[in-house]
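Summary of structural features
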Amino acid sequence: LIHLIRSKVNLDDVDYILAPEAMGLPIATTLGNRTGKPWLVIRKRKYGLDCELEVHQKTGYSESKMYINGVRPGNTVIIIDDVVSTGGTISAIGDILKANNINLLGSFTLFEKNSATKSNNNIYSLVNIITDKTGIIDVRRSHRSVDTSR
């Protein structure tokens, strides 16, 4: 994943790595350790801190709120998560960041479901899992990944 990120953004420009609870956290931890960049959790619980940003999340599966603390106007961030299915979570986070003058350079996931990144030029994944009503029918390299064999 770090090769994909480096192919799309200059990590020197990134102030924070953001990761939604909970599955993005192990990825953000590893990425933060590898790059020396601090990471922040996008939480499912409100803390009521000053400058807390509330995200109204609507996916193909549910509707809820998430909360971002620690970023300020003028910061530059990337989002890390495990999977993008509809893009609803990442899009909602991106909208609230933009509304608060926080620069989102890109969003990066390990997996996408049914070419979910095709509709958003700012979301990148490594693997595309194709499904239908019966389950997984194919696993492919994402059309928006990078050749890491070099």
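Above this text is the structure in question.
To keep things clear, this report deals only with the structure shown in the data block. (Residues numbered from 1 in each chain as written. Predicted model: local features only at pLDDT ≥ 70, side-chain atom pairs only at ≥ 80, totals over all residues. Heavy atoms only, no water.)

**Concerning the pattern of salt bridges**
Put simply, the rule reads: For salt bridges, the criterion is a side-chain nitrogen of Lys or Arg within 4 Å of an Asp or Glu carboxyl oxygen. Per the convention used, a helix needs a DSSP run of H or I reaching at least four residues, while a strand needs a run of E reaching at least two, with both numbered from the N terminus. Buried, partly exposed and exposed residues are distinguished by accessible area as a fraction of the type maximum, computed with a 1.4 Å probe on protein chains only: under 20%, between the cut-offs, and over 50%, respectively.
The tally for this structure, following the rule as stated, stands at three salt bridges. Residues Arg 43 and Glu 21 are paired through a salt bridge, measuring 3.6 Å at the closest nitrogen-oxygen approach. You can see Arg 43 sitting in strand S2 (residues 39–43) and its partner Glu 21 sitting in the loop between strand S1 (16–20) and helix H2 (25–35), a full 22 residues away along the chain. According to the relative accessible area criterion, Arg 43 is partly exposed, its value standing at 28%. By relative accessible area, Glu 21 is classed as partly exposed at 26%. Among the ionic pairs, Asp 138 bridges to Arg 140, the shortest N-O distance being 2.7 Å. Of the residues examined, Arg 140 reaches a relative accessible area of 43% and is grouped as partly exposed.

**What about the nonpolar core?**
Note the cut-off: Within this scheme, the nonpolar core is defined by two criteria: the residues are buried Ala, Val, Leu, Ile, Met, Phe, Trp, Tyr or Cys, and they are joined through side-chain atoms within 4.5 Å. Contact definition: two residues touch when any of their heavy atoms are within 4.5 Å.
Counting residues in each nonpolar core, the largest one holds 19 residues, and the members touching the most others are Leu 18, Ile 68, Val 71, Val 77, Ile 79, Ile 93 and Leu 97. Of all the secondary-structure elements, those providing two or more residues to this core are S2, strand S3 (53–58), strand S4 (63–68), strand S5 (76–84) and helix H3 (88–99). At four residues, H3 tops the list of elements feeding residues into this core. In this structure, Leu 97 is in contact with Leu 18, Leu 53, Ile 68, Val 71, Val 77, Ile 79, Ile 102 and Leu 104, ignoring residues within four places of it in sequence. Ranked by size, the runner-up nonpolar core spans 15 residues in total, among them Ala 19, Leu 31, Ile 78 and Ile 80.

**Quick look at unusual backbone geometry**
The general pattern is negative phi for most residues beyond glycine and trans for most peptide bonds. Across the junction of Glu 21 and Ala 22, the peptide omega takes the value -10°, indicating a cis bond. Mapped onto the elements, Ala 22 comes out in the loop between S1 and H2. The backbone of Cys 51 shows a phi angle near 65°, a positive value even though the residue is not glycine. By the element assignment, Cys 51 lies in the loop between S2 and S3. With a relative accessible area of 46%, Cys 51 lands in the partly exposed category. With a phi angle near 60°, Asn 101 is a residue other than glycine that sits in the positive phi range. Counting through the fold element by element, Asn 101 comes out in the loop between H3 and strand S6 (103–113). The exposed category is assigned to Asn 101, whose relative accessible area is 53%.

**Focus on the sheet that holds strand S7 (residues 123–132)**
Which entries qualify depends on this criterion: Two strands qualify as a pair provided that DSSP identifies no fewer than 2 bridges between them. All axes here are fitted lines through C-alpha atoms, helices being fitted over the stretch that makes contact, and every angle between N-to-C directions spans 0 to 180 degrees.
The eight strands are arranged S3-S4-S2-S1-S5-S6-S7-S8 in an open sheet whose pairing can be described as mixed. Two strands lie at the open edges of the sheet, namely S3 and strand S8 (135–141), each paired on one side alone. Here the strands of the sheet are splayed against their neighbours by 30° on average, with no regard to which way each runs. When S3 meets S4, the two strands line up antiparallel, connected through six bridges.

By themselves, these observations are geometric and do not establish any function.
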